[in-house]
Amino acid sequence: MAGKKRQKRRFGDRFKTLQIEIVLVFSAILLVVTTFLALVILRLSGEAMQRTASQLIAANSRQLELNINSYLERMETTCTLLFSDEAFYLYDATDESQDEYSRIKSEETIRSRIVDIGLMENYSDFGIVYANDHKVGWISHGTEHLFPEGDFYDTFSNYITNTKKNDGWCFGVRGGTDRMYYVKRLNPNAILVSAFYTRELSSVFIYPEQLEDMTIRLVNQDDVIMFSSDGNEIGEKLPEAITNALKKGNISDDPDYLVNSNVCSNEWRVICSVPKESILRENNRLRNVTLWVTVGMAMIFLLIGWLLYTRLSRPMDGIVNTLQEKADIDSLSGVMNKGAFQEEAESRLAERSDDRLMVFVMLDIDNFKQVNDTLGHAYGDQVIIRVGQLIRRLYERDTIIGRIGGDEFAIFTICQDIEMTEVVNVAKKHMDLVLKEFMKEFAEEHEKCNISISAGIYVTGESGASFQMLYEKADGALYTSKNNGKSRYTLIEGPKEG
């Protein structure tokens, strides 16, 4: 009877434990679901904020485009007033048949007209330049100083890129960033050069109050910043982060910025950008509050983790041990070990597809034994580590790299829809770079132990190619490199398809 009571008590204890576990697990699930829903709502709210901000940025960018187009068009229209009389645009200062009196009178007439027109706008430069670099009108000292040795006419003539209108806009002439120039051809030997200070554009740039952290930039066709709300950027290249964000196109694709770009009439671009962090500042504050509340609630259910840990620790230890025994990474070089390399390569070979080329490379460190004998095995291990790091650094992420012997490495990749010639050229360039970087990295070891690197490359499009066949072909090419003096590579081309 006592035994039955003890058995019943043990059963009751187990049942109570089970009940507690059920309550705790249910509470944990409820906590997770609540937190998940809160974060989902905050995420949706953040996305809505981003969409609204993106619409504001797009509208602002469009308005800026219109403003700049209007400003540039006004400048161009003003310049065309010189075509109101033939005396202004047909005069040629290079015509030696003119007498001095006629020349002076003609230039006085032109100069008077230029003064009348130039006063209509805030020009820093407004003058006509002839093929002999003779100038009529006013050309500022700032512009003159850019041409200490002349070549004024030829330089600006090269900026006339619009063959339809015989004009063009330019910025950064000879490194100057304080002016933007408009150039228009008057006749075969004369061009009009006008300019205004870059800072004048501040009058057409508008900033919505809702986006106080927005940066506005005007860039040319070479992505050089001509105007920016951050004045320190003028003359610099467009930041890479903004360039990358523009390439992605969708507001959710770039993690850092909301960006919009509009193209002006002369191919310049207005680019508005704002950090997502500033848009989501309030949303992030709410998220942080939610997370802190979640952490506080999680402390109440800390026992759940302990219970799960005690129940799962032993089987998980077994799983971890199994995973460790089957680890894919070579512990010394940091690349795949031989087994993992072969398994991954065979897996990719099994993925049948048309029009693909396979590149298999075998690498071997020449005279590696001298390193161990001269500098010690510990130093030799460091050489293997550095070689692994070198190869990983020089090859693409999707390339399979493995250490298949003491000082032997293998590289395998599959190229899809690329011509054999291009694949071969790329393989050669990669290997030239490997040999070059190896000699640079191991210059000291080369001098002491005469180590270098030899390689064999096999490129083929043969559909039935096996890992063993690719390995043997590349190994044979490596053997050829070794026999031909080491510190080189041999490339063998197999069938293009079959």
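That block above? That's the structure.
These numbers come from a predicted model, not from an experiment.

Asks: Whenever I open this one, the packing of aromatic side chains confuses me. Can you help?
Replies: To describe a pair of aromatic rings, one takes the distance between the centres and the angle between the planes. In the structure shown here, the tally under the stated rule is 20 aromatic pairs. With a centroid separation of 5.0 Å and 40° between ring planes, the pair formed by Phe152 and Phe156 is classed as tilted. On the criterion of helical spacing, the pair formed by Phe152 and Phe156 is a turn pair, its members being four residues apart in helix H5 (residues 152-157). Note on accessibility: Phe152 and Phe156 belong to one class, buried. An aromatic cluster is defined as three or more aromatic residues linked by ring pairs; in this entry it consists of Tyr71, Trp169, Tyr182, Phe196 and Trp268. Lys135 extends its terminal NZ or CZ atom over the ring of Phe152, reaching a point 4.7 Å from the ring centre. Between Arg199 and the ring centre of Tyr197, over which it is positioned, the NZ or CZ distance is 4.3 Å.

Asks: Just to check I follow, could you spell out the sheet that holds strand E7 (residues 225-228) for this structure?
Replies: The strands making up a sheet associate through backbone hydrogen bonding, with each pair oriented either parallel or antiparallel. The strand order E7-E6-E9-E8 describes an open sheet built from four strands, whose pairing is antiparallel. Looking at which strands have only one partner, the edges of the open sheet turn out to be E7 and strand E8 (257-263). Each strand of the sheet is rotated relative to its neighbour by a mean of 20°, with strand direction disregarded. Its contacts with the sheet put helix H6 (residues 240-248) on strand E6 (215-219), E8 and strand E9 (269-275), and the angle it makes with E8 is roughly 75°.

Asks: Sorry, what's going on with the nonpolar core here?
Replies: Proteins that are soluble and globular tend to have nonpolar side chains buried together. Ranked by size, the top nonpolar core spans 47 residues in total, and within it Ile128, Met180, Leu201, Phe205 and Leu218 carry the most contacts. Tallying contributions element by element places helix H1 (residues 2-79) first for this core, with eight residues. In terms of nonpolar packing, the next biggest core, distinct from the first, is built from 35 residues, Val387, Met431, Leu435 and Leu491 among them.

Asks: So what exactly am I meant to see when it comes to the sheet that holds strand E13 (residues 452-460) here?
Replies: Read from one edge of the open sheet, five strands run E11-E12-E10-E13-E14, paired in mixed fashion. Either end of the sheet is taken by a strand with one partner, and the two such strands are strand E11 (400-403) and strand E14 (489-493). Between one strand axis and the next, the sheet turns by 15° as a mean value, whatever way the strands run. Contacts from helix H10 (residues 338-350) reach strand E10 (356-366), E11 and strand E12 (408-416) within the one sheet, and its direction differs from that of E12 by about 15°. The strands that helix H15 (residues 467-483) touches are E10, E12, E13 and E14; relative to E13, the one it contacts most, it runs at about 140°.

Asks: Any chance you could explain the pairing of E13 here in plain terms?
Replies: Most of E13 sits inside the fold, with nine of its nine residues counted as buried. Side chains of E13 alternate between two faces, with Ser452, Ser454, Gly456, Tyr458 and Thr460 and Ile453, Ala455, Ile457 and Val459 buried alike. Pairing analysis gives nine bridges linking E10 to E13, with the strands arranged antiparallel. Looking at the pairing, Val359 lines up with Val459 of E13.

The rules behind the values
- Residues numbered from 1 in each chain as written.
- Predicted model: local features only at pLDDT ≥ 70, side-chain atom pairs only at ≥ 80, totals over all residues.
- Heavy atoms only, no water.
- Phe/Tyr/Trp six-rings, centres within 6.5 Å; stacked < 30°, edge-to-face > 60°.
- Helix = DSSP H or I, 4+ residues; strand = E, 2+ residues; numbered from the N terminus.
- Buried < 20%, exposed > 50% of the residue type's maximum accessible area, 1.4 Å probe, protein only.
- Lys NZ or Arg CZ within 6 Å of the ring centre and 35° of its normal.
- Pairing = 2+ DSSP bridges.
- Axes fitted to C-alpha atoms, helices over the stretch in contact; angles between N-to-C directions.
- Contact = heavy atoms within 4.5 Å.
- Core = buried A, V, L, I, M, F, W, Y, C linked by side-chain atoms within 4.5 Å.

Interpretation in functional terms is not warranted from these geometric data alone.
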